[in-house]
Each structure stands twice: as C-alpha cells, then as structure tokens.
Amino acid sequence: IRLEPSLEEGYYLLGETLKDSDPAGAIDAYRTAVSLDKNYGLAWQALGRELIRSGNVGAGIDALTRAVTLDPEDVWSRTFLANGLWHMGRAKTLSRS
C-alpha cells in the first residue's frame, strides 16, 4: 500500500489479513478496494461477507448483490448472499415472535 496506494488489490489483501483480528479494519480495507475499482468482484464479495458477519446484514446483501452482478457464476458470492438473505429473513421472523 505504501508503494502503490492506488492499487486496490493491496487493500483487498490487507482486509483478508485483518478479517479475524480486526473486522472493522478489514471492512475499511475492502471499502477502499472497491472505491478504487468499482468492478472488483472479489473485494465486493469479501466486503459483503464481513458486513453480514458484523451484523450489518442489509449493507452486506447490497455488497454481495454487486458481486453477483459482476460475476453471476461466482458460487461463493451467491452462497454468502443466500446466507445474508437467510439471516435477514430469520431476523424478521424473530422480531415477530
């Protein structure tokens, strides 16, 4: 990142290294990656995955929808999206109980 701050992949890889120890830092890194390249599907996927994991399901679904739009054949983006939609539906069901 110091050598080439405009390279989106550096931020994506930073997010990957931070996702377990510093989820908020990982989300920030993924957001930077997608701000540098709006078509970086893998970064959209990771951003969505971590947003859902952090409890921000709606934003995670939005990010994963973008990832699936960019690559409809990406099985992992579809899987994470389905998981997010399941979480959203479960939250609605629980709030009605």
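Because the structure is predicted, anything quoted here is derived from the model rather than measured. (Residues numbered from 1 in each chain as written. Predicted model: local features only at pLDDT ≥ 70, side-chain atom pairs only at ≥ 80, totals over all residues. Heavy atoms only, no water.)

## A short note on the side chain of serine 77
As a reminder, the rule being used: To qualify as a helix, a DSSP run of H or I must reach at least 4 residues; to qualify as a strand, a run of E must reach at least 2; elements of each kind are numbered from the N terminus. By definition, residues are in contact when any of their heavy atoms lie within 4.5 Å.
The residue serine 77 is located in helix α5 (residues 75-96) in this model. Apart from the residues lying within four places of it in its own chain, the contact partners of serine 77 are Gln45, Leu64, Ala67 and Val68.

## Structural notes on the environment of proline 23
The test is simple: Buried means the residue's accessible area, taken with a 1.4 Å probe over protein chains only, is under 20% of the maximum for its type, while exposed means over 50%, and partly exposed covers the values in between.
Within the element layout of this structure, proline 23 appears in helix α2 (residues 23-36). On the accessibility criterion, proline 23 (33% relative accessible area) is partly exposed. Separated by 63 residues in sequence, proline 23 and tryptophan 86 have C-alpha atoms that sit 21 Å apart.

## Brief notes about α2
Heads up, the condition is: Take the number of residues in a helix, subtract one, and multiply by 1.5 Å to get its expected span.
With 14 residues, α2 should cover 20 Å at 1.5 Å per step; its first-to-last C-alpha distance of 20 Å lies within 8% of that length. By the burial criterion, the buried members of α2 are Gly25, Ala26, Ile27, Ala29, Tyr30, Ala33 and Val34. Where α2 is buried, its residues touch α1 (8-18) and α3 (41-53).

## Regarding the environment of leucine 14
For leucine 14, the position within the fold is in helix α1. Between the C-alpha atoms of leucine 14 and tryptophan 86, which are 72 residues apart in sequence, the distance is 28 Å. Contact partners of leucine 14, with chain neighbours within four places excluded, come to Ile1 and Ala29.

## Concerning the packing of aromatic side chains
Here is the rule we go by: By convention, a stacked pair of Phe, Tyr or Trp rings (six-membered ring in the case of Trp) has centres within 6.5 Å and planes under 30 degrees apart, an edge-to-face pair has planes over 60 apart, and any other such pair is tilted.
Under the criterion given, the structure shown has three aromatic pairs. Look at tyrosine 12 and tyrosine 30: their rings are 6.0 Å apart centre to centre, the planes differ by 40°, and that puts the pair in the tilted class. Here the residue tyrosine 12 occupies a position in helix α1, and tyrosine 30 occupies one in helix α2, the gap between them amounting to 18 residues. For tyrosine 12, a relative accessible area of 10% puts it in the buried group. Given a relative accessible area of 0%, tyrosine 30 falls into the buried group. An aromatic cluster is built from Tyr12, Tyr30 and Tyr40, whose rings are joined through pairwise contacts.

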